[in-house]
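# Understanding the architecture of this molecule
What follows is each chain in one-letter form.
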Amino acid sequence: MLPIMIDVKDKQVTIIGGGKVALRKLSVFLEQGANITIISPEVVDEIRALHEEERIVWIKREVLPDDVNEAFIVIAATNKRSVNEQVKKYSDRNQLLCVVDDGDCGNMQMVSFTQKGTFTIAVSTGGASPFLAKKLTSQLSQPFDDSFIEKLAIISSKRKEIKASDLPEWEKRKLLRELSYKLEVIENE
Ligand SMILES: C[C@@]1(CC(=O)O)C2=NC(=C\c3[nH]c(c(CCC(=O)O)c3CC(=O)O)Cc3[nH]c(c(CC(=O)O)c3CCC(=O)O)/C=C3\N/C(=C\2)[C@@H](CCC(=O)O)[C@]3(C)CC(=O)O)/[C@H]1CCC(=O)O
Ligand SMILES: NC(=O)c1ccc[n+]([C@@H]2O[C@H](COP(=O)([O-])OP(=O)(O)OC[C@H]3O[C@@H](n4cnc5c(N)ncnc54)[C@H](O)[C@@H]3O)[C@@H](O)[C@H]2O)c1
């Protein structure tokens, strides 16, 4: 599977099931500004509360074939293998589908990640050990503190300046490459 960054703001994310796992997936998409619909006869208290605050939509019933039609991303998160399998049949092959009880059943898997500013560390074990993915993300994030994120922001604005300048292309390329080595210099500026 290909690791990519996707802007899910205002995209429709439809999650079938309303248990603990649905809640964890939901939280990530909510934070990223997606439109979320939960379809499930029962939900955990946190999902009920989000629905009452009108931050998500909860449809209180079992899944039906047309429920996923408008979704950009579909997440089959019930505790029933046969229902999750059914959700796959309802989904179009051009939709992104994550099946939480069988990572190879869909065409998308969630990754463990931390994100600060424009900087992201993401780890996938491809279903081998989600817990290990979580642990490694935490370990790998350790060296990158707030000062690193600030330096990255400075590099970003310098990069925009270089790209917008009238310098010859070869010189732009040289300067852009040099920028990536300049963390120390920025620190001392
Ligand atoms: C990374 C993370 C992202 C997220 O959920 O957003 C994520 N799972 C997380 C946590 C976690 N999941 C599980 C535990 C219990 C300990 C353990 O089993 O390890 C813990 C640990 C915990 O809860 O602390 C159990 C589990 N997970 C899956 C199955 C089914 C199966 O594999 O059969 C079962 C067994 C169910 C059972 O008990 O039967 C399946 C998937 N879980 C994935 C993602 C995808 C593969 C990612 C990868 O391998 O890298 C995949 C394939 C599909 C998907 O869900 O996209 C998130 C960490 C978030 C963070 O970083 O904070
Ligand atoms: N991918 C992961 O990260 C991960 C982690 C742990 C567990 N799991 C797997 O995920 C599954 C769900 O775990 P959970 O703890 O959220 O379970 P849960 O029992 O807390 O929740 C299951 C939800 O599915 C809903 N549901 C059942 N039948 C439905 C139907 N026909 N239509 C719509 N909704 C329906 C229930 O109402 C309930 O809200 C488990 O089977 C487990 O194997 C995945």
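Cut-offs and rules
Throughout this description, residue numbers start from 1 for each chain and increase along the sequence as written. Written order determines the labels here, with chains lettered from A and ligands numbered from 1. Local features in a predicted model are, by the rule used here, given only for residues with pLDDT of at least 70; side-chain atom pairs are given and counted only at 80 or more, and totals for whole chains, interfaces and linings are based on all residues. Water and hydrogen atoms play no part in the side-chain values, which are based on all heavy atoms of the structure. One heavy atom within 4 Å of a molecule or strand is enough for the residue carrying it to be called near that molecule or strand. In protein, a polar contact requires one atom able to donate a hydrogen and another able to accept it; more generally it is a pair of N or O atoms within 3.5 Å, and residues adjacent in sequence count only if both atoms are side-chain atoms. Only the protein chains shown count as cover for residues, and all accessible areas are computed by the Shrake-Rupley method using a 1.4 Å probe. Secondary structure is summarised from DSSP: a helix means a run of H or I of at least four residues, a strand means a run of E of at least two, and numbering begins at the N terminus for each. Domain segmentation is taken from an automatic or database assignment of domains. What a helix is expected to span follows from its residue count: subtract one and scale by 1.5 Å. Only protein chains enter the accessibility calculation, which uses a 1.4 Å probe; a residue is then buried when its area is under 20% of its type maximum, exposed when over 50%, and partly exposed in between. In this context, the arc is that of the directions from the helix axis out to the C-beta atoms. Only buried residues count toward a nonpolar core, which is a set of Ala, Val, Leu, Ile, Met, Phe, Trp, Tyr and Cys residues joined through side-chain atoms within 4.5 Å. Only heavy atoms matter for contacts: two residues are in contact if any of them lie within 4.5 Å across the pair. Classification used: nonpolar for Ala, Val, Leu, Ile, Met, Phe, Trp, Tyr, Cys and Pro, charged for Asp, Glu, Lys and Arg, polar for all others including Gly. A pair of strands is labelled paired if DSSP reports no fewer than 2 bridges between them. Axis definition: a line fit to C-alpha positions, over the contact stretch in the case of helices; interaxial angles, taken between N-to-C directions, run 0 to 180 degrees. Stacked, tilted and edge-to-face pairs are distinguished by plane angle, under 30 degrees for stacked and over 60 for edge-to-face with tilted covering the rest, among Phe, Tyr and Trp rings (Trp via its six-membered ring) whose centres lie within 6.5 Å.

### Description of the site of ligand 1
Every one of the 19 residues lining ligand 1 counts as a neighbour, but K25, M110, S112, T125 and G127 are closest to it. Taking G127, its main chain carries an N or O atom lying 2.6 Å from an oxygen atom of ligand 1. Isolated, ligand 1 exposes 1100 Å² of accessible area, and the fraction of that covered by the protein chains is 65%. When contributions to the shell around ligand 1 are tallied by element, the ones reaching two or more residues are helix 1 (20-31) and helix 4 (130-141). Counting residues domain by domain, the shell around ligand 1 receives three or more from each of domain 1 (12-110) and domain 2 (111-142).

### Considering helix 5 (residues 146-164)
Counted at 1.5 Å a residue, the expected span for helix 5 with its 19 residues is 27 Å, and the 28 Å between its end C-alpha atoms agrees. Burial in helix 5 covers these residues: F148, I149, K151, L152, I155 and I162. Down the axis of helix 5, the sector holding all buried residues measures 155°, keeping them to one side. Every exposed residue of helix 5 that faces more than 90 degrees away from the buried side is listed here: E150, K160, E161 and A164.

### Considering the nonpolar core
Ranked by size, the top nonpolar core spans 21 residues in total, and within it I15, L26, F29, I36 and I38 carry the most contacts. If one sorts the elements of this core by residue count, helix 1 sits on top with five residues. Among residues more than four places away in sequence, those in contact with I38 are I15, G17, G18, L26, V43, I47, I56, V57, W58 and I59. Core analysis: the second largest hydrophobic core is formed by 11 residues, I16, V74, V87 and L97 among them.

### Quick look at the site of ligand 2
Close to ligand 2 lie 21 residues, the nearest being G18, V21, R24, S40 and E42. Take V63: an N or O atom from its main chain is 3.2 Å from a nitrogen atom of ligand 2. Side-chain polar atom of K80 to a nitrogen atom of ligand 2: 3.2 Å apart, as the coordinates give it. Computed on the free molecule, ligand 2 has an accessible area of 880 Å², of which 73% lies beneath the protein chains in the complex. With four residues, the top contributor of residues to the shell around ligand 2 is helix 1. Split into classes, the residues belonging to the shell around ligand 2 amount to eight nonpolar, six polar and seven charged.

### Some details on the sheet that holds strand 2 (residues 35-39)
In space, the five strands of this open sheet follow the order 3-2-1-4-5, with parallel pairing throughout. Strands at the two margins of the open sheet, each flanked by one partner only, are strand 3 (57-59) and strand 5 (96-99). Shown here is a sheet whose adjacent strand axes are inclined to one another by a mean of 15°, direction ignored. Of the pairings in the sheet, the one linking strand 4 (residues 73-76) to strand 5 comprises four bridges and is parallel in character. Of the residues in strand 5, the one forming a bridge with I75 is C98. The sheet strands contacting helix 1 are strand 1 (12-16), strand 2 and strand 4, and the helix crosses strand 2 at an angle near 165°.

### A word on the packing of aromatic side chains
This structure, assessed with the given rule, holds three aromatic pairs. Here F119 and F148 contribute two aromatic rings whose centre-to-centre distance is 4.9 Å and whose plane-to-plane angle is 70°, an arrangement assigned as edge-to-face. Residue F119 is located in strand 7 (residues 119-123), and its partner F148 is located in helix 5; the two are separated by 29 residues in the primary sequence. One aromatic cluster in this structure is built from F119, F144 and F148.

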